[in-house]
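# Results of the structural survey
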Amino acid sequence: MSSQEQNTSAGASLEPETSQDPGKKQVPPEFFRQPYSFVRRGDRLTSRRQKAWDTYSPTHVLDIPRLRADTSVAPEAAFDPVTIYGREAYQVVEIGSGLGEAIVHRACEMPEANFLAIEVYTPGIADLLLKMGQAGVENVRVAQANAPELLDNMLDENSVDELWVFFPDPWHKSRHHKRRLVSPAFADKVARVLKPGGIWRLATDWEEYAHVMRDVMEAHPDFENLHAGEGATEDDPVGGWAPRWEGRILTSFERKAREAGRRAHDLTYRRK
């Protein structure tokens, strides 16, 4: 399975999914002039996933005011940790949580922290909820939303301690590079919500995209590389690659990437 298949909500796209069905609700064309962070897949659930969705979504999937589409985030959206989690705590946000393996694993390790998973793929969210229920985890909430809009409209400035973007869609064809999530404009959005000293962790198994990520982050004035110069070689004099973060579990998708001969590249930045 490729990175493009593995993470449906963390690859930026600028093109709408159109429909000629006159009975289907149409989204205004101006919506698609804004980037959105996913490619929408089918939402059919297996019986196990449906049961998990029915059991946990009323309490663990956030009720978000929408603007135009069912993944949009209206400007009046609010994120109050006390209301959502019953407490204020160290806040971790994952963009593109997929099947929830990474965030549920880390939430088990850090019960004292609050975790927010941002994902649009309903079967993925249902699988996350299933894992969460099996693990007895109570500190995870899910936002089914377009990530750039959520960063703009729902999260307050300086409100996040740690943010993850793991294995976003690489959009490896050159004509699709404009759809990639990690860009200077997206880095601006992350810088706004991260607290000073907050950490942004990134990983990809697509080497060319890893270099693009690094170039974007190295050029951004609000971030500093926690591993500046590390791993530099004659062929790659910049370096700056982070060692594999111990908190990032080896997911089934990364395992398949390894089997296909692709290795993960990690980057870790701190907001100045």
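Up top is the structure these notes are about.
Residues numbered from 1 in each chain as written. Predicted model: local features only at pLDDT ≥ 70, side-chain atom pairs only at ≥ 80, totals over all residues. Heavy atoms only, no water.

Looking now at a negative patch on the surface. A cluster of acidic residues, Asp80, Glu88, Asp156 and Glu157, forms a negative patch on the protein surface. For Glu88, the position within the fold is in the loop between helix H3 (81-85) and strand S1 (91-95). (Patch = residues over 30% accessible without salt bridge, like charges linked within 9 Å, V, L, I, M, F, W, Y side chains within 5 Å. Areas by Shrake-Rupley, 256 points an atom, 1.4 Å probe, with all protein chains shown as cover. Salt bridge = Lys/Arg side-chain N within 4 Å of Asp/Glu carboxyl O. Lys, Arg positive; Asp, Glu negative; His and termini not counted. Charge placed at Lys NZ, Arg CZ, Asp CG, Glu CD. Helix = DSSP H or I, 4+ residues; strand = E, 2+ residues; numbered from the N terminus.)

This structure, assessed with the given rule, holds 13 salt bridges. Where Arg270 meets Glu224, a salt bridge forms, and the shortest distance between an N and an O atom there is 3.0 Å. Of this pair, Arg270 sits in strand S7 (residues 265-271) while Glu224 sits in strand S6 (residues 223-225), placing them 46 residues apart in sequence. We note a salt bridge from Glu254 to Arg248, for which the minimum N-O separation is 2.6 Å. Looking at Arg248, the relative accessible area reads 3%, which means it is buried. Each of Arg244, Arg248, Glu254 and Asp266 takes part in one network of salt bridges that share partners. (Buried < 20%, exposed > 50% of the residue type's maximum accessible area, 1.4 Å probe, protein only.)

Here we take up the nonpolar core. Grouped burial of nonpolar side chains is what soluble globular proteins tend to show. Counting 40 residues, the largest nonpolar core has Ile95, Leu116, Leu150, Leu155, Leu163, Trp200 and Phe223 as its most contacted members. In this structure, Trp53, Ala107, Met132 and Val140 belong to the second largest nonpolar core, which totals 28 residues. (Core = buried A, V, L, I, M, F, W, Y, C linked by side-chain atoms within 4.5 Å.)

One open sheet accounts for 7 strands, arranged S3-S2-S1-S4-S5-S7-S6; its pairing is mixed. In this open sheet, the two edge strands, each paired with only one partner strand, are strand S3 (140-143) and S6. Along the sheet, successive strands turn relative to each other by an average axial angle of 20 degrees, direction set aside. In this fold helix H5 (residues 122-135) packs onto strand S2 (114-118) and S3, with an angle of close to 175 degrees to the strand it touches most, S3. With respect to the sheet, helix H8 (residues 207-219) is in contact with strand S5 (194-204), S6 and S7, its orientation differing from that of S7 by roughly 15 degrees. (Pairing = 2+ DSSP bridges. Axes fitted to C-alpha atoms, helices over the stretch in contact; angles between N-to-C directions. Contact = heavy atoms within 4.5 Å.)

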